[in-house]
Amino acid sequence: MATASGGGEFVDKFPDEAAVIKASFLIAFVSLGIGAFFGLVQALHRTNVLRVIDSADYYTMLTGHGVLLAIVFTIFFLCGVFHWAVARSLDRPAESALFSWAWVGLMTTGAVLATIAILGGFVPNLGMSADVLFTFYAPLQAHPVFYIGLAMFIVGTWLSGADWFLSYRAWRQDHPDERIPLQTFMVLTTMIMWYISTLGVAVSVVFFLIPWSLGLIESVNPLLTRTLFWYFGHPIVYFWLMPAYLLWYTVLPKLAGGRLFSDPLARVVFLLFLLLSTPVGIHHQYLDPGIAEGFKFIAMTNTMFLLLPSLLTAFTVVASVEHGARQRGGKGYLRWLGALPWRDPAFTGMALAGAMFAAGGFSGMINAGMNINYLIHNTLWVPGHFHLTVGTAVALTMMAGSYWLVPQVTGTKLYSRPIGLLQVIMWFVGMVFMSNAMHRAGLAGIPRRTAEPQYQNFEFLTPIGSIFELRVQIALGGTLLFLSVVLFLFNILLTSLGEESDRPVDSHLPEPLSGPEGSPRILDNLAMWTGIAAVLVVLAYTLPLAGIIQNGGGLFGGGLPVPATVSAGFDLVLTTVTSAFNTLWGVVA
Amino acid sequence: MAVDSTAEGAASSAARTSTDGGVPANADSQGDSGQADPPVDSIVGTADDGIVRELGHDDFDPVGTLVLVLIYMAILIGMWVFMYFVEFLGRGLTVVG
């Protein structure tokens, strides 16, 4: 199985798809470069090591850093990965190359508009700014161009999903009885999750934020836009993570010299993410006084269930990697780790990303606990956490994956494996410095989203080490991370400029050890799982949203908000249902 | 044993042309080609070429994974206990609700 040919390189077999993927990667990498530079400036600024910008501009940079990295880089990259995965696993091109370019074009236009609005914040007399941070809910208001750009971007992602569903539909007509190939299954479940979750942000942006920023409506209900943001804001975490999981499940075992341990287990994990990603967003609002404690408790329970697919992944992926090590001659309880191909930057990058994700899982458990969350809420601990998850588990996996994927779509060999290896290790070391210091700084009470966390007549205290030492670690870590991105971009640029090769990369993916044949066919019943996911969302969000609308002075705010109770939401739902029933009864009678 | 993966690209080309898609070259020949002729460049994703034995589903017992998962769980529980009892409760009253 190990040496069977993949039947030609991807770029030769699917030239149109390769061009779309290259365009997606290009935009992703440009965003990565700009966003990482902003990150470096921020790390040096807030630690007071080097201040080259005005502190008021810090928030413009913070918004640019968040939007360009967490939305533009990640999503463009994952669109490239998904386009590759669907064409590869279904072994057929997209139904219409024009349609593929349409979503690339719409997403690009949206991303450019949003970026222009953000960068406008650096030009004082332009009258355009969007210093609303990545969490773009009211009462902070951005220029309408920012929201319009975001809306176009989101619609573009919907079209990209439609592209993959159309491919699947065409494939299904030719293969009525076959199981959905694993990579396509992962893409489709991820996109269904994305459709469900982006409804929240679409409603927030189209019905509230755009009319409000244009002056068509006077006010919005800030708690409603905040809740709708987090309705989308947690599942987007899984929209970042599931492509990384796709690479961990289907590519990392091969990079380790092994095979995926279990195909059905991978399917179960993706279904659990589809079901549980969305009805948990309220766990970002544990300190929000407008939401009743009972609803927060439900969100916490759902969140704890969400640990399950990640722990299943930890087992399956590590077992698959161990299989590779054993096939390469590895022995012993832990000595097998030495038999892994540590000099391959694609393998090492993904393995280090997985190790960091394990640490991020720990701090995520602290964030998710309703009471213990009070300890770290809105402190630097939280950026410390998500720089382990999206900032390493996802970003480092994407960079490491690029070393294996980019040669497949360019047809050229990676420019330098040693530089790639140095780059992924530098990212890991930089993040160890920065993230551990951020976590500890958060425990000391240092706030996040602040240009100058240095206050007169007040000293933060740490039980071990000193605040000075934490600042140095953050500045050093941020610098290493930026240098790592520079090395990455340099390596990829020179790769794309290289000469075409007959064998740019070993692209063959072996079959799983345990295939899908023996698993229940119901796993592939996407319509049923979508229905269950929708029901869970309705259960988790109907009462809280009703309470927010009633207590916060209606859909468009205006009134004084009152502290929330569970019964208020229940009353509104009861009134609405009763009046709807009465109206219906009146019409029928 | 760890295979020098920088040699894998060259080794793999040799293995593939000589075996025509069959079982990869054994570990000895990998080592030989790696030592004799260091490659000018190399490609990514060639860990398969270092395979010295093929393990099927029933031959593979992921005991190393179990060890790693147990180590991770021990760290996780230890850190959580520290966070809850020392950092959280150790700071006095927290008003909830």
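Residues numbered from 1 in each chain as written. Chains lettered and ligands numbered in written order. Predicted model: local features only at pLDDT ≥ 70, side-chain atom pairs only at ≥ 80, totals over all residues. Heavy atoms only, no water.

1. Looking at the UniProt feature "transmembrane region" (unreviewed entry) in chain B
Thinking step 1. What UniProt calls "transmembrane region" (unreviewed entry) maps, in this numbering, to residues 63-86 of chain B.
Thinking step 2. From the first C-alpha to the last, residues 63-86 of chain B spans 34 Å; its make-up is 100% helix and 0% strand. (UniProt positions renumbered as here; feature names shortened; annotations may be inferred. Helix = DSSP H or I, 4+ residues; strand = E, 2+ residues; numbered from the N terminus.)

2. With respect to unusual backbone geometry
Residue and element names in this part refer to chain A.
Thinking step 1. The peptide bond linking Ala138 to Pro139 adopts the cis configuration, its omega dihedral lying at 10 degrees.
Thinking step 2. One can find Pro139 in the loop between helix H4 (97-119) and helix H5 (144-174).
Thinking step 3. At Asn48, a position not held by glycine, the phi torsion is positive, near 65 degrees.
Thinking step 4. With respect to the helices and strands, the residue Asn48 is situated in the loop between helix H2 (15-46) and helix H3 (58-90).

3. Details of the layout of surface pockets
Residue and element names in this part refer to chain A.
Thinking step 1. Roughly 810 Å³ of internal volume is contained in the second largest pocket.
Thinking step 2. Lining the second largest pocket are 38 residues, and of these Arg88, Ser89, Gln183, Leu509 and Glu511 lie nearest its centre.
Thinking step 3. Secondary structure elements with two or more residues in the lining of the second largest pocket: helix H1 (10-13), H3, helix H6 (182-213), helix H8 (235-250), helix H9 (252-255) and helix H10 (263-276).
Thinking step 4. Sorting elements by how many residues they give to the lining of the second largest pocket places H3 first, with 3 residues.
Thinking step 5. Residues of the lining of the second largest pocket, tallied by class, amount to 15 nonpolar, 12 polar and 11 charged. (1 Å grid on protein atoms, 1.4 Å probe; cavity = no way out; pocket = protein on both sides within 12 Å on 5 of 7 lines; lining within 4 Å. Points joined across faces, edges and corners; volume = space filled by probe spheres on them. Nonpolar A, V, L, I, M, F, W, Y, C, P; charged D, E, K, R; others polar.)

4. Concerning the nonpolar core
Residue and element names in this part refer to chain A.
Thinking step 1. In terms of nonpolar packing, the biggest core is built from 183 residues, with Ile75, Trp84, Phe136, Phe146 and Trp404 touching the most fellow members.
Thinking step 2. Per-element tally for this core: the top contributor is H3, with 22 residues.
Thinking step 3. When neighbours within four sequence positions are excluded, Phe136 is seen to be in contact with Ile71, Phe146, Tyr147, Leu150, Val201, Val205, Leu209, Phe229 and Phe232.
Thinking step 4. One finds Phe362, Met365, Ile366 and Val382 within the second-largest nonpolar core, a separate group that totals 13 residues. (Core = buried A, V, L, I, M, F, W, Y, C linked by side-chain atoms within 4.5 Å. Buried < 20%, exposed > 50% of the residue type's maximum accessible area, 1.4 Å probe, protein only. Contact = heavy atoms within 4.5 Å.)

5. Points about the packing of H10 of chain A against helix H18 (residues 526-551) of chain A
All names here are of chain A.
Thinking step 1. The geometry of H10 relative to H18 is characterised by a closest axis approach of 8 Å and an angle of 35 degrees between their N-to-C directions. Each of Leu271, Leu274 and Leu275 in H10 lies in contact with H18, whose residues at this interface are Trp529, Thr530, Ile532, Ala533 and Leu536.
Thinking step 2. Among the residues making up the contact of H10 with H18, the classes are represented as 7 nonpolar, 1 polar and no charged. (Axes fitted to C-alpha atoms, helices over the stretch in contact; angles between N-to-C directions.)

6. Some points on the confidence of the model for chain B
Residues and elements named next belong to chain B.
Thinking step 1. The pLDDT averaged across chain B works out to 67; a share of 52% of its residues lies at or above 70.
Thinking step 2. The least confident element of chain B is helix H1 (residues 8-19), whose mean pLDDT is 38; the most confident is helix H3 (residues 63-88), at 92.
Thinking step 3. When the criterion is pLDDT under 50, residues 1-40 qualifies, and its contacts beyond four places in sequence or with other chains add up to 56 contacts. (pLDDT = per-residue confidence, 0-100.)

7. What to know about the pattern of salt bridges
Residue and element names in this part refer to chain A.
Thinking step 1. Within the structure shown, the criterion is met by 13 salt bridges over all chains.
Thinking step 2. Arg326 is the salt-bridge partner of Glu322, the closest N and O atoms lying 2.7 Å from each other. Of this pair, Glu322 and Arg326 both sit in helix H12 (residues 307-327), 4 residues apart, which is roughly one turn of the helix. The pair formed by Glu322 and Arg326 is uniform in burial state, with each residue classed as buried.
Thinking step 3. Where Arg503 meets Asp506, a salt bridge forms, and the shortest distance between an N and an O atom there is 3.3 Å. With respect to burial, Arg503 and Asp506 carry one shared label: buried.
Thinking step 4. Shared partners join several salt bridges into a network, and the residues in it are Arg179, Asp263, Arg267 and Asp524. (Salt bridge = Lys/Arg side-chain N within 4 Å of Asp/Glu carboxyl O.)

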